[in-house]
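Overview (structure and organization)
Below are the chains, spelled out letter by letter.
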Amino acid sequence: MEHNDIEKYGITASGKRELLKYLSGERLTRKEAMLAKCYECMNGYTDGKVDCQVESCPLYPYMPFGICKITKRRKLTPEERVEVGKRLKKARAIKKRVNQTEANIIESRARNPLLNVRISNEA
Ligand code: SF4
């Protein structure tokens, strides 16, 4: 599809703006590229905003009007939820400690400029 054809015949739908952006030479994000590809593949959705039904296409789960949406969420049992909660809590505590340690290092270097010199000489 040419830039002019898209503007003339392509209906307003998800992917139009992205495809025009691409054809103008701009860089797209992955999501924009996926939307643009489906828009192009569906010939500007001239037959309507419908499902392409090409389940073999790798982009199908991301097709804006596809029935197959990525809706798979991991179902957790109550025990698994507790375990996940514990792991998250532990990970947050570690992150907090690391941040605090980094802040302490920065603070001590700010107080003692000689420390910076020694470290830079080591490298
Ligand atoms: S998902 Fe459908 S519309 Fe999108 S690129 Fe694949 S075949 Fe084309």
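Residues numbered from 1 in each chain as written. Predicted model: local features only at pLDDT ≥ 70, side-chain atom pairs only at ≥ 80, totals over all residues.

**Structural notes on the overall build of the protein chain**
Secondary structure summary: the protein chain contains five helices and zero strands in total. Starting at the N terminus and walking to the C terminus, you meet the elements of the protein chain as α-α-α-α-α. Expressed as a percentage of its 123 residues, the buried residues of the protein chain come to 11%. Sequence-distant contacts in the protein chain: of pairs separated by 6 or more residues, those separated by 24 or more amount to 31%. (Helix = DSSP H or I, 4+ residues; strand = E, 2+ residues; numbered from the N terminus. Buried ≥ 20, exposed ≤ 12 C-beta atoms within 10 Å, placed from the backbone. Contact = placed C-beta atoms within 7 Å.)

**Description of the site of the ligand**
Neighbouring the ligand are K37, C38, C41, M42, C52, V54, C57, L59, Y60 and M63. Here the shell around the ligand is composed, by residue class, of nine nonpolar, no polar and one charged. (Near = placed C-beta within 6 Å. Nonpolar A, V, L, I, M, F, W, Y, C, P; charged D, E, K, R; others polar.)

**Description of the packing of helix α2 (residues 16–23) against helix α3 (residues 30–41)**
Between α2 and α3, the least distance of the axes is 7 Å, while the angle of their chain directions is 100°. In terms of orientation, α2 lies roughly perpendicular with respect to α3. Two secondary-structure elements touch here, α2 through K16, E18, L19, K21 and Y22 and α3 through E32, L35, A36, Y39 and E40. For the contact of α2 with α3, a count of residues per class yields five nonpolar, no polar and five charged. (Axes fitted to C-alpha atoms, helices over the stretch in contact; angles between N-to-C directions. Parallel < 35°, antiparallel > 145°, perpendicular 65-115°, else oblique.)

**So, α3**
The first and last C-alpha atoms of α3 sit 16 Å apart over twelve residues, in line with the 16 Å expected at 1.5 Å per residue. Looking at α3, one finds that the buried residues are L35, A36, C38 and Y39. All buried residues of α3 project into a common sector of 165° when viewed along the axis, lining one side. (Expected span 1.5 Å × (residues − 1). Arc of directions from axis to C-beta.)

**A short note on unusual backbone geometry**
Glycine aside, residues mostly have negative phi, and peptide bonds are mostly found in the trans state. Here the phi dihedral of Y45 falls at roughly 50°; this positive angle occurs in a residue that is not glycine. Within the secondary structure, Y45 sits in the loop between α3 and α4 (78–111). A positive phi angle, near 65°, is found at Q53, a position not held by glycine. Relative to the helices and strands, Q53 is located in the loop between α3 and α4.

**With respect to α4**
The end-to-end C-alpha distance of α4 is 49 Å, a good match for the 50 Å that 34 residues give at a rise of 1.5 Å each. Of all 34 residues that make up α4, zero are buried, and the element is exposed over most of its length.

**Points about the environment of E2**
Structurally, E2 can be placed in the segment before α1 (3–9). On the neighbour-count criterion, E2 (9 C-beta atoms within 10 Å) is exposed.

**Describing the environment of V50**
With respect to the element layout, V50 can be found in the loop between α3 and α4. Assessed through the 11 C-beta atoms surrounding it within 10 Å, V50 is described here as exposed. The sequence separation of V50 and M63 amounts to 13 residues, and the corresponding C-alpha distance is 9.8 Å.

Geometry only, nothing functional implied.
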